[in-house]
Each structure stands twice: as C-alpha cells, then as structure tokens.
Amino acid sequence: MPEKTTIQVRFLPEDVTVICPSGELLLDCAARAGIRIPTGCQMGSCHACEVEIEGRGPVCACITSVRGVTEMIVTLANDPIW
Ligand code: FES
C-alpha cells in the first residue's frame, strides 16, 4: 500500500490542526502551525522537544517525522523549565 502523502496533525492543548507532507519533521510541522516547541540540541539527545504522540508515546520532535498514518494527535509537554 502506498504511503499517505499528507497527514493531518492536531496539536494539543492549543487544539491547532495542520496538514503536513509525509516525512516532515514534527518540529517543522508545529512551527508552520504557529506552535512553539522548545528545543535544545536538535539532534535527539536533550529531550527538550519531547512531545507525546497519541498511541505511540513520547518522542523527540526534532528527530521525528510524520508518516505512515492519516491523522496524528500530538500533546505538548507543559514543562515550565523549558
Ligand atoms: S532538541 Fe534536543 S532532543 Fe530535540
């Protein structure tokens, strides 16, 4: 089955939805949606950009691309330190 070319990504708690091309980094997808995800190393080490993907668990947005599904629900952490 061919991979989906676009994915609907919903960011919570802001409740903003954006359509992303398959393969786009979650961090870039969020930026296009006007959502700011804190970053640090931008290479998957510091976990400053950690978000939770429904049904998948926590991931680092800087190294995680959207792919393989038609919809994705992403919950941002509410960590006042970052
Ligand atoms: S910014 Fe450090 S893991 Fe993503």
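As a starting point, this report considers the structure included with it. (Residues numbered from 1 in each chain as written. Predicted model: local features only at pLDDT ≥ 70, side-chain atom pairs only at ≥ 80, totals over all residues.)

Right, let's get into the overall build of the protein. Counting its secondary structure elements, the protein contains 1 helix and 5 strands. Of the regular secondary structure in the protein, the N- to C-terminal order runs β-β-α-β-β-β. Here the protein, with 82 residues, has 23% of them falling under the buried criterion. Across the protein, every contact between residues at least 6 apart in sequence was considered, and the portion connecting residues at least 24 apart equals 44%. (Helix = DSSP H or I, 4+ residues; strand = E, 2+ residues; numbered from the N terminus. Buried ≥ 20, exposed ≤ 12 C-beta atoms within 10 Å, placed from the backbone. Contact = placed C-beta atoms within 7 Å.)

Moving on, we come to the pairing of strand β5 (residues 71-76). Taken together, the 5 bridges between strand β1 (residues 6-12) and β5 define a ladder with parallel strand orientation. Each residue of the ladder has a partner; that of valine 9, found in β5, is methionine 72. The sheet contact formed by strand β3 (residues 50-53) and β5 spans 3 bridges and is antiparallel. By the bridge assignment, glutamate 52 is partnered in β5 with threonine 75. (Pairing = 2+ DSSP bridges.)

Sheet topology note: the β1/strand β2 (residues 16-21) ladder contains 6 bridges and is antiparallel. Along β2, the bridge assignment pairs threonine 6 with proline 21. Linkage of β1 to β2, two consecutive antiparallel strands, is achieved through a turn of 3 residues, within which aspartate 15 is found at a positive phi near 60°.

Following leucine 12, the chain continues to proline 13 via a peptide bond in cis, the omega torsion being 5°. Here proline 13 shows up in the loop between β1 and β2. Phi is positive for aspartate 15, which is not a glycine, with a value near 60°. Of note, aspartate 15 is situated in the loop between β1 and β2. One non-glycine residue with positive phi stands out, namely glutamine 42, at about 60°. For glutamine 42, the location among the structural elements is in the loop between α1 (26-32) and β3.

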